[in-house]
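Descriptive structure summary
Each chain, written out:
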Amino acid sequence: MSDFQDEIRSDGYENVVIIGVGQTNISNFNTNFTANSDLPLVMDSYPMLPIRAAFDGLHKQVVVLDTNAIEIGRVTFSFSSISQHEDYLYDLIVQNYPDQSVVGDINGDQIVNIQDIILIINMILVGSNDAVGDINSDGTVNILDIVQMINIILG
């Protein structure tokens, strides 16, 4: 799952977090489960397993929660069909978080600043009508988009 988290991050979904849940009675689970990744791991206290109980006591499931902690999807995980599970999870993320971009952020660094203004000026000079530069959504990239970006920066 660590590669999957890297994939969704590279697609602009920086705020999606995958958390592994393991049992405290499994030796070496922490080092095996999260090896070579930055996935956070929460250990569920055996034998009560309160985290598992909070999600209907099911084992080997991936539960997807939205930002309000409401369940939006669930899949029983099996290693034989990992790519199908990843496709399902990716679709859930895209459907529930369709726009991760910041309006006016031309270079994709999550900040609207002078660098973005320079890029939009270059778009105007070369006659580009790239939708990313059309800040006011009027169908053209022009000085009005620069004014809108300045308003965004000034807040």
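The structure this text deals with has already been given above.
These figures come from a predicted structure and were not determined experimentally. (Residues numbered from 1 in each chain as written. Predicted model: local features only at pLDDT ≥ 70, side-chain atom pairs only at ≥ 80, totals over all residues. Heavy atoms only, no water.)

Things to note about the nonpolar core
Residues F4, I8, Y13, V16, V62, L89 and I93 are the most contacted members of the largest nonpolar core, which totals 13 residues. Per-element accounting of this core gives the leading share, 3 residues, to helix α4 (residues 82–96). Setting aside anything within four residues of it in sequence, one finds I93 in contact with F4, I8, Y13 and V16. Formed by 9 residues, the second largest nonpolar core is a distinct cluster that contains I117, I120, V141 and I146. (Core = buried A, V, L, I, M, F, W, Y, C linked by side-chain atoms within 4.5 Å. Buried < 20%, exposed > 50% of the residue type's maximum accessible area, 1.4 Å probe, protein only. Helix = DSSP H or I, 4+ residues; strand = E, 2+ residues; numbered from the N terminus. Contact = heavy atoms within 4.5 Å.)

Regarding α4
Since there are 3.6 residues in each turn of an α-helix, residues three or four apart along the chain are aligned in direction. Between its first and last C-alpha atoms α4 spans 21 Å; for 15 residues at 1.5 Å apiece the expected length is 21 Å, and the two agree. Those residues of α4 not exposed but buried are H85, E86, L89, L92 and I93. Considered in projection along α4, the buried side chains sweep an arc of 125° and stay on one side of the axis. When the buried face of α4 is taken as reference, the exposed residues oriented beyond 90 degrees from it are Q84, D87 and Q95. (Expected span 1.5 Å × (residues − 1). Arc of directions from axis to C-beta.)

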